[in-house]
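# Coordinate inspection notes
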Amino acid sequence: MSDSRRETFLAGELPEDIALYLADSFVDDLGRLEKYGERVADGIVVVVDGDSGRNAFTAATGADAMNFAKEAMGTEGVIAPNLTAGDCPECDDGHVEYVFAFAEEQNEEVGGLYEEGDVIHAYARCSCGAAYSQKWVAGSR
């Protein structure tokens, strides 16, 4: 995957796709995923269609993507705009093990962020075990 695929996702232009970040420290064999994703300093980012993305998330993490998202929604935190890091609201020395993200198209009827543009929803798991989330208008960070 080229940088442009992740950038296209982060611009909100791939609302049917899912982005996953998996840290080297969390997944033993990222090599098999490299043909599907972009290698970054501490892991890999994969952007794939929704169904494949949810299945890949479950295979890599052992968790159901939507259940994880619901869990993470309960705690607001900061997730890096490139999806590869975050600031855990529960601890000071943890690191992101994985991120699950999707884009939702602008919807003026809903209001709030959704009125301003396409919205990126990101959910992270910290090495301390905490799950947290952040959403932002695509292209605003």
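First, a word on what this report is: a plain description of the structure on this page. Numbers given to residues run from 1 along each chain, matching the order in which its sequence is written. Where local features are concerned, this predicted model is filtered to residues with pLDDT of at least 70; where side-chain atom pairs are given and counted, the filter is 80 or more; whole-chain, interface and lining totals use all residues. Neither water nor hydrogens contribute to the side-chain values; these are computed over all heavy atoms in the structure.

### What to know about the pattern of salt bridges
Short version of the rule: Any carboxyl oxygen of Asp or Glu that lies within 4 Å of a side-chain nitrogen of Lys or Arg is treated as forming a salt bridge with it. A run of H or I in DSSP counts as a helix once it spans at least four residues, and a run of E counts as a strand once it spans at least two, with each numbered from the N terminus. Each residue gets one of three labels from its accessible area relative to the maximum for its type: buried under 20%, exposed over 50%, partly exposed in between, using a 1.4 Å probe on protein chains only.
The tally for this structure, following the rule as stated, stands at five salt bridges. Across the pair Arg6 and Glu38 runs a salt bridge, and its minimum N-O distance is 2.6 Å. With Arg6 in helix α1 (residues 3-10) and Glu38 in strand β2 (residues 37-40), this pair connects stretches of sequence that are 32 residues apart. Grouping residues by exposure puts Arg6 and Glu38 together as buried.

### Side note on the side chain of Ser133
What counts, and what does not: Contacts between residues were defined by any pair of non-hydrogen atoms, one from each residue, lying within 4.5 Å.
Mapped onto the secondary structure, Ser133 falls in strand β8 (residues 131-137). Overall, Ser133 belongs to the buried group, its relative accessible area being 11%. Setting aside residues no more than four positions away along its own chain, Ser133 makes contact with Ala72, Met73, Thr75, Glu76, Gly77, Ile79, Ala122 and Tyr123.

### A few points about the layout of surface pockets
What counts is decided by this rule: Here a cavity is any set of points on a 1 Å grid over the protein atoms alone where a 1.4 Å probe fits but cannot get out, and a pocket is any open set with protein on both sides within 12 Å along at least 5 of 7 lines; a residue lines the site when it has an atom within 4 Å of a point. Grid points are joined across faces, edges and corners, and a volume is the space filled by probe spheres set on the points. The classification used treats Ala, Val, Leu, Ile, Met, Phe, Trp, Tyr, Cys and Pro as nonpolar, Asp, Glu, Lys and Arg as charged, and all other residues, Gly among them, as polar.
A volume near 190 Å³ is recorded for the largest pocket. Of all the secondary-structure elements, those providing two or more residues to the lining of the largest pocket are β1 (17-23), β3 (43-49) and α2 (50-61). Per element, the largest residue contribution to the lining of the largest pocket is three residues, and it comes from α2. Its residues assigned to classes, the lining of the largest pocket shows ten nonpolar, no polar and one charged. There is about 160 Å³ of room inside the second largest pocket. If you go around the second largest pocket, the residues you meet are Met73, Thr75, Glu76, His121, Ala122, Tyr123, Ser133, Gln134 and Lys135. Per-class residue counts for the lining of the second largest pocket are three nonpolar, four polar and two charged.

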